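Each chain, letter by letter, is given below.
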Amino acid sequence: MRRHTLYIAIMLWLAILAGLKFGVRPPMPASVLMIYMTLSTIAIILFAAADEARFQAFLAPLRAVFEGRAPKAVQLLVLAGIPLLAGWGAWLRTAPSWDAPFEPRVVHPEPPSTFNFHGKRIDTASLKNPLRAAHEKDPAQLEKLTAEGKTIYYQNCFFCHGDALAGDGHFANAFSPIPANFRDVGTISMLQESFVFWRVSTGGPGLPRAATPWLSAMPVWQNFLTEDEIWKAILYIYAGSGSTPRTWDEETKHEKH
Amino acid sequence: MKSTDFLGMICALAFCASALAADAPKLKTEPVKPTPVAADLDAGKKLYQRWCAQCHGNEGKGDGPAADFVYPRPRDFTLAIFKVRTTPSGQLPTDHDLFHIISEGLPGTSMPAWKKFIPENERWQLVHYVKTFDSLGLFKEEPAKEQVVIDAAPKMTPELIAKGKELYQQKKCWQCHGPTGRGDGPSSAGMKDEWGFPIRPVNFTKSWRFRGGDRIEDIYRTFTTGFNGTPMPSFVDAIPAAEDRWALAAFVKSLARPQKNAQVLKAGNIAGEIPADPYAKEWEAAEFADFPLAGQIILEPRWFKPVHDVITARALYNDKEIAILLEWDDGTNNTGIGKPADEVALQMPVQASDGVKPYFILGDDKHAVDVWRWSAKDGLQRYTAEGASKQTPREAGGVVAQGGYKEGQYRVILRRPLRVGAGETAIEPGRFVPIAFQLRDGDNGEEGLKMSLSTWYYLLPQPATPLTVVLWPLGIGFLTLGGEFWLLRRMRRRPS
């Protein structure tokens with residue numbers, strides 16, 4: 001096993017490269033890939049060097065080449081290969097890249113403590129879905145309100161967020177960033193309803209700068225819907241995608257643990 | 001029963017029989033395959049109300065709450081008229097046909113491919129339930145018994161395509177679909193479907209919008225069985241030989257244009273003048289990029305029924321100027337008579353500054369955009385926009401537009417000198433300039449914010465590759481080689 005340390009290290013390195021390159025969707029920009037691969041290289045070498053015997057085993061094949069003990073063909077291959085690889089690595093760095101500039105975007109920014117809604121100030125921290133609160137004990141009524149929310153959803157949202165709330169409506173592919181997929185655990189199911197209300201009410205333009213408000217196609221829904229309608233639509237996006245909002249109780253539970 | 005009625009019925013039957021007899025040798029049919037899942041209408045109803053009623057309506061009349069917000073309109077099932085079928089023209093679809101359409105959806109419309117979301121078993125329940133809306137009881141009385149046999153498709157050879165091209169002329173497909181297949185034929189205007197809604201012939205270059213699918217087998221099936229309820233007829237009588245129909249299908253398939261979506265519109269550098277003719281070979285050779293468009297449903301008035309779903313762009317520059325060629329298909333050339341004129345617009349930030357872009361729809365009050373708008377009526381107009389409600393016309397200032405309509409397609413060249421004064425967006429080699437596109441189809445009543453639009457992309461005049469780019473890797477390669485020799489000499493000298 002130990003004899004193969006160098007080969008295992010090379011295989012591992014290639015496996016990481018393949019994983020990052022082909023396993024991650026959407027593909028990461030070349031500059032980010034470069035950072036990950038540099039880190040991986042350092043980590044692998046550090047791991048090999050952490051144990052003296054292992055490090056010697058790691059270096060042994062190289063030593064054999066440099067000291068002239070390895071077969072001639074192998075010596076030639078390695079000695080020619082290393083400068084070629086180095087040159088190629090440099091080429092990857094200097095070669096002009098015509099990829100679009102990488103624009104990182106905060107998907108779930110910190111919401112403001114208050115925001116304007118139809119001319120009144122709303123306090124985000126204390127905001128709760130009034131419909132859910134009022135009808136907690138009356139599932140039939142809640143179901144009726146959710147059904148009304150469904151109608152609102154299909155008259156306003158499904159073009160982008162999709163028939164089955166998967167972010168793939170018939171206009172979705174024209175927008176970048178793409179509309180949120182409500183079935184994904186990374187969207188509304190990790191958000192409190194107050195956050196969702198803020199996002200729906202103020203849309204793309206209401207985002208802070210780090211979240212690139214100029215790019216998001218998400219409309220400002222307070223221009224089209226009443227407070228009640230927005231809360232109903234929110235009831236529906238949770239019910240329709242089979243998710244539940246994150247609540248304060250959970251929050252405190254998480255903190256205690 | 002009155003005797004005249006009776007006579008009439010005999011005549012009708014005789015007519016049907018003769019029609020069938022005439023069809024029989026032309027169209028190879030086989031018995032319909034049995035339906036694998038038995039009906040459970042309660043389950044079907046639940047599923048229908050969950051997934052379909054918002055468009056097709058609780059009673060299947062195509063009048064659900066979302067129906068007014070999509071184009072084409074969701075189908076009214078009460079007349080039991082279906083487009084995508086394997087059964088002869090005028091007949092009902094088989095259960096397998098309905099299953100197929102529910103699973104695959106109708107590309108180019110809002111009807112999605114439900115196989116992504118609904119398990120197979122449940123899709124069969126939807127088939128059964130959709131049939132219950134048939135107000136005339138046709139599915140009970142005369143269900144489809146025979147379906148058209150669709151053999152394996154022949155190979156798409158140049159000869160087959162050439163033969164198909166001839167048939168396309170002969171059989172007058174071009175009258176509706178246009179000489180180049182872009183849906184701009186002389187009879188294409190003013191058509192209505194059986195439900196009374198306006199309908200246009202399909203543009204064959206946009207094969208991703210074929211309702212029935214764009215495999216060669218799908219195309220063959222479409223004009224063999226026809227689309228019931230639309231002006232798209234069955235061509236079995238006109239083109240009886242199956243080989244001929246395959247040739248035609250191959251030709252239609254060959255018209256499909258590849259799509260190449262990109263984030264960056266790269267402008268290539270050319271030595272001489274940039275040609276003013278959009279059909280010039282320099283332009284044909286320039287790399288193209290497609291930018292998908294959606295209806296403007298974000299600001300009032302929202303526009304849910306756009307026609308255009310893509311714009312294609314190419315760009316070239318030389319040491320004096322940059323030029324962008326915009327191309328889009330349009331079945332109608334509207335120059336502003338009776339209906340609004342067709343328009344295209346290119347938008348870029350007035351000054352790309354502080355890492356903040358203007359809002360992607362016509363900028364905002366802090367970040368203005370420069371809009372170059374070309375209309376088929378007035379040519380170029382230039383605006384500064386600080387939001388949709390604040391657009392101020394400005395001098396063309398060196399921006400020039402040349403454009404025109406030919407064979408179902410617009411091509412418009414917009415050009416500007418590279419070196420400009422203050423207050424103009426800097427465009428120079430190596431610099432990424434944000435750009436966005438807007439399109440309006442006059443025939444569809446589009447003007448102002450009723451339009452198709454894109455989000456931000458980039459324009460990049462691609463600089464020539466500098467020599468240093470090659471020197472660095474070479475240098476590093478040789479340096480490593482030198483290091484190796486040094487190590488080699490040291491290690492081999494050392495007694496082992």
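Residues numbered from 1 in each chain as written. Chains lettered and ligands numbered in written order. Predicted model: local features only at pLDDT ≥ 70, side-chain atom pairs only at ≥ 80, totals over all residues. Heavy atoms only, no water.

## What about the overall build of chain A?
Link 1 in the chain: Per the secondary structure count, chain A includes 10 helices and two strands.
Link 2 in the chain: Overall size of chain A, expressed as C-alpha extent along the three principal axes, is 85 × 45 × 30 Å.
Link 3 in the chain: Out of the 257 residues belonging to chain A, those deemed buried represent 40%.
Link 4 in the chain: Carbon and sulfur atoms make up 65% of the accessible area of chain A, which totals about 14,300 Å².
Link 5 in the chain: Taken together, the 24 basic and 22 acidic charged side chains of chain A have centroids lying 10 Å from each other. (Helix = DSSP H or I, 4+ residues; strand = E, 2+ residues; numbered from the N terminus. Buried < 20%, exposed > 50% of the residue type's maximum accessible area, 1.4 Å probe, protein only. Areas by Shrake-Rupley, 256 points an atom, 1.4 Å probe, with all protein chains shown as cover. Lys, Arg positive; Asp, Glu negative; His and termini not counted. Charge placed at Lys NZ, Arg CZ, Asp CG, Glu CD.)

## A closer look at helix H2 (residues 41-51) of chain B
Residue and element names in this part refer to chain B.
Link 1 in the chain: Along H2, the residues classified as buried are Gly44, Leu47, Tyr48 and Trp51. Projected down its long axis, H2 carries its buried residues within an arc of 100 degrees, all on one side. Along H2, exposed side chains directed more than 90 degrees from the buried face belong to Asp42 and Lys46.
Link 2 in the chain: On its buried face, H2 is in contact with helix H3 (53-56) and helix H5 (120-131). (Arc of directions from axis to C-beta. Contact = heavy atoms within 4.5 Å.)

## Focus on the packing of helix H3 (residues 52-66) of chain A against helix H12 (residues 468-493) of chain B
When two helices pack together, their arrangement is given by the angle between their axes and by how far apart the axes lie.
Link 1 in the chain: It is at 9 Å that the axes of H3 of chain A and H12 of chain B come closest, and there the two elements cross at 85 degrees. The pairing of H3 of chain A with H12 of chain B is recorded here as roughly perpendicular in orientation. On the side of H3 of chain A, the interface is formed by Arg63, Val65 and Phe66 of chain A, while H12 of chain B contributes Glu484, Leu487, Leu488, Met491 and Arg492 of chain B.
Link 2 in the chain: Its residues placed into classes, the contact of H3 of chain A with H12 of chain B shows five nonpolar, no polar and three charged. (Axes fitted to C-alpha atoms, helices over the stretch in contact; angles between N-to-C directions. Parallel < 35°, antiparallel > 145°, perpendicular 65-115°, else oblique. Nonpolar A, V, L, I, M, F, W, Y, C, P; charged D, E, K, R; others polar.)

## Some remarks on the domain arrangement of chain A
Frequently, the measure chosen for interface size is the accessible area that the parts lose on association.
Link 1 in the chain: Per the domain assignment, the segments making up chain A are domain 1 (2-94) and domain 2 (114-256).
Link 2 in the chain: The centre of domain 1 of chain A, based on its C-alpha atoms, is set 48 Å off from the matching centre of domain 2 of chain A. (Domains from an automatic or database assignment.)

## Description of the side chain of Thr187 of chain A
All names here are of chain A.
Link 1 in the chain: Residue placement: Thr187 occurs in the loop between helix H7 (158-161) and helix H8 (193-202).
Link 2 in the chain: Overall, the relative accessible area of 12% leaves Thr187 in the buried class.
Link 3 in the chain: In contact with Thr187, other than residues within four places in its own chain, are His108, Ala180, Asn181 and Phe182.

## Describing the interface of chain A and chain B
Link 1 in the chain: Of the residues lining the interface, 55 residues belong to chain A; the matching set on chain B comes to 57 residues.
Link 2 in the chain: A combined buried area of about 4,700 Å² lies between chain A and chain B, and 66% of that area is made up of carbon and sulfur atoms.
Link 3 in the chain: Considering only the side of chain A, the residues that lose the most area to chain B are Phe66, Trp98 and Trp214 of chain A, jointly responsible for 18% of the buried surface there.
Link 4 in the chain: Taken together, the links from chain A to chain B amount to two salt bridges.
Link 5 in the chain: For Lys116 of chain B, the salt bridge goes to Asp168 of chain A, with nearest N and O atoms at 3.0 Å.
Link 6 in the chain: Here chain A is connected to chain B by 14 residue pairs in polar contact (both at pLDDT 80 or more). (Buried area = accessible area lost by both parts, 1.4 Å probe. Salt bridge = Lys/Arg side-chain N within 4 Å of Asp/Glu carboxyl O. Polar contact = N/O pair within 3.5 Å; in protein donor to acceptor, adjacent residues only side chain to side chain.)

## Details of unusual backbone geometry
Link 1 in the chain: For the bond from Tyr71 of chain B to Pro72 of chain B, the omega torsion is -5 degrees, close enough to zero to count as cis.
Link 2 in the chain: By the element assignment, Pro72 of chain B lies in the loop between H3 and helix H4 (95-104).
Link 3 in the chain: Cis geometry marks the peptide bond from Glu300 of chain B to Pro301 of chain B; its omega dihedral reads -5 degrees.
Link 4 in the chain: For Pro301 of chain B, the location among the structural elements is in the loop between strand S5 (294-295) and strand S6 (310-317).
Link 5 in the chain: Positive phi is not limited to glycine here, since Thr212 of chain A has a value of about 45 degrees.
Link 6 in the chain: If you trace the backbone, Thr212 of chain A turns up in the loop between H8 and helix H9 (227-241).
Link 7 in the chain: Exposure remark for Thr212 of chain A: the relative accessible area of 6% places this residue in the buried category.

## Observations concerning the pattern of salt bridges
Residue and element names in this part refer to chain A.
Link 1 in the chain: In the structure shown here, the tally under the stated rule is 34 salt bridges over all chains.
Link 2 in the chain: For Arg69, the salt bridge identified is with Glu67, shortest N-O distance 2.9 Å.
Link 3 in the chain: Among the residues examined, Arg69 registers a relative accessible area of 54% and is labelled exposed.
Link 4 in the chain: With a shortest N-O distance of 2.8 Å, Arg132 and Glu193 are connected by a salt bridge. Residue Arg132 is found in helix H5 (residues 130-134), and its partner Glu193 is found in helix H8; the two are separated by 61 residues along the sequence.
Link 5 in the chain: Looking at Glu193, the relative accessible area reads 9%, which means it is buried.
Link 6 in the chain: Connected through shared salt-bridge partners, Lys144, Glu148, Asp228 and Lys232 make up one network.

## Some details on the packing of aromatic side chains
Residue and element names in this part refer to chain B.
Link 1 in the chain: For the structure shown, the criterion picks out 34 aromatic pairs over all chains.
Link 2 in the chain: Between the aromatic rings of Phe77 and Phe133, the centroid separation amounts to 6.1 Å while the plane-to-plane angle is 10 degrees, which identifies the pairing as stacked. Taken together, the residues span a long stretch of sequence, with Phe77 in the loop between H3 and H4 and Phe133 in the loop between H5 and helix H6 (138-141) at a distance of 56 residues.
Link 3 in the chain: If you follow Arg50 out to its NZ or CZ, it ends over the ring of Trp51, 4.1 Å from the centre. (Phe/Tyr/Trp six-rings, centres within 6.5 Å; stacked < 30°, edge-to-face > 60°. Lys NZ or Arg CZ within 6 Å of the ring centre and 35° of its normal.)

## As for empty space enclosed by the protein
Residues and elements named next belong to chain B.
Link 1 in the chain: Per the stated rule, a full pass over the model turns up one cavity of 30 Å³ or more.
Link 2 in the chain: Looking at the lining of the largest cavity, the elements that each hand over two or more residues are S6 and strand S7 (321-329).
Link 3 in the chain: When residues of the lining of the largest cavity are assigned to their parent elements, the largest contribution, three residues, is made by S7.
Link 4 in the chain: Across the lining of the largest cavity, the residue classes tally to two nonpolar, two polar and four charged. (1 Å grid on protein atoms, 1.4 Å probe; cavity = no way out; pocket = protein on both sides within 12 Å on 5 of 7 lines; lining within 4 Å. Points joined across faces, edges and corners; volume = space filled by probe spheres on them.)

## Here's the deal with the domain arrangement of chain B
Link 1 in the chain: Each assigned domain of chain B is listed with its residue range as follows: domain 1 (28-135), domain 2 (158-255), domain 3 (264-464) and domain 4 (471-496).
Link 2 in the chain: The C-alpha-based centres of domain 1 of chain B and domain 3 of chain B are spaced at 40 Å.

## Quick notes on the nonpolar core
Link 1 in the chain: In terms of nonpolar packing, the biggest core is built from 65 residues, with Tyr153 and Phe197 of chain A together with Phe360 of chain B touching the most fellow members.
Link 2 in the chain: Those elements giving two or more residues to this core turn out to be strand S1 (114-117), helix H6 (139-156), H7, H8 and H9 of chain A together with strand S9 (369-375) and strand S10 (379-385) of chain B.
Link 3 in the chain: Here this core takes eight residues from H9 of chain A, the largest share from any one element.
Link 4 in the chain: Once you skip the residues sitting within four places of it in the chain, Phe360 of chain B turns out to touch Phe175, Trp214, Leu215, Ser216 and Ala217 of chain A together with Ile298, Gln347, Leu453, Ser454, Thr455 and Trp456 of chain B.
Link 5 in the chain: Counting residues in hydrophobic clusters, the runner-up holds 32 residues, among them Leu293, Met348, Val412 and Ile435 of chain B. (Core = buried A, V, L, I, M, F, W, Y, C linked by side-chain atoms within 4.5 Å.)

## Observations regarding the environment of Gly183 of chain B
Residue and element names in this part refer to chain B.
Link 1 in the chain: Along the chain, Gly183 falls in the loop between helix H8 (173-177) and helix H9 (216-225).
Link 2 in the chain: The exposure class of Gly183 is buried, given its relative accessible area of 2%.
Link 3 in the chain: C-alpha of Gly183 to C-alpha of Asn444: the two residues are 261 residues apart in sequence and 15 Å apart in space.

## So, the confidence of the model for chain B
All names here are of chain B.
Link 1 in the chain: Per-residue confidence for chain B gives a mean pLDDT of 91, with 94% of residues at or over 70.
Link 2 in the chain: Long-range and interchain partners of residues 1-25, a stretch whose pLDDT sits below 50, account for three contacts in this model, where long-range means more than four residues apart.
Link 3 in the chain: At the level of chain-chain contacts, confidence expressed as ipTM amounts to 0.88, with global pTM at 0.87. (pLDDT = per-residue confidence, 0-100.)

## Some points on the environment of Val433 of chain B
Residues and elements named next belong to chain B.
Link 1 in the chain: Within the secondary structure, Val433 is located in strand S14 (residues 433-440).
Link 2 in the chain: Considered as a pair, Val433 and Leu460 are 27 residues apart in the sequence and their alpha carbons are 6.4 Å apart.
Link 3 in the chain: Excluding its chain neighbours within four sequence positions, the residues that come into contact with Val433 are Met348, Thr425, Ala426, Ile427, Tyr457, Tyr458 and Leu459.

## Points about a nonpolar patch on the surface
Link 1 in the chain: A cluster of nonpolar side chains, contributed by Met34, Leu85, Trp88, Trp91 and Leu92 of chain A together with Leu467, Val470, Leu471, Leu474 and Phe478 of chain B, occupies part of the molecular surface with about 1,100 Å² of accessible area.
Link 2 in the chain: Secondary-structure elements contributing two or more residues to the nonpolar patch are helix H4 (72-94) of chain A together with H12 of chain B.
Link 3 in the chain: Structurally, Leu85 of chain A is set in helix H4.
Link 4 in the chain: Its relative accessible area of 57% is what places Leu85 of chain A among the exposed residues. (Patch = residues over 30% accessible without salt bridge, like charges linked within 9 Å, V, L, I, M, F, W, Y side chains within 5 Å.)

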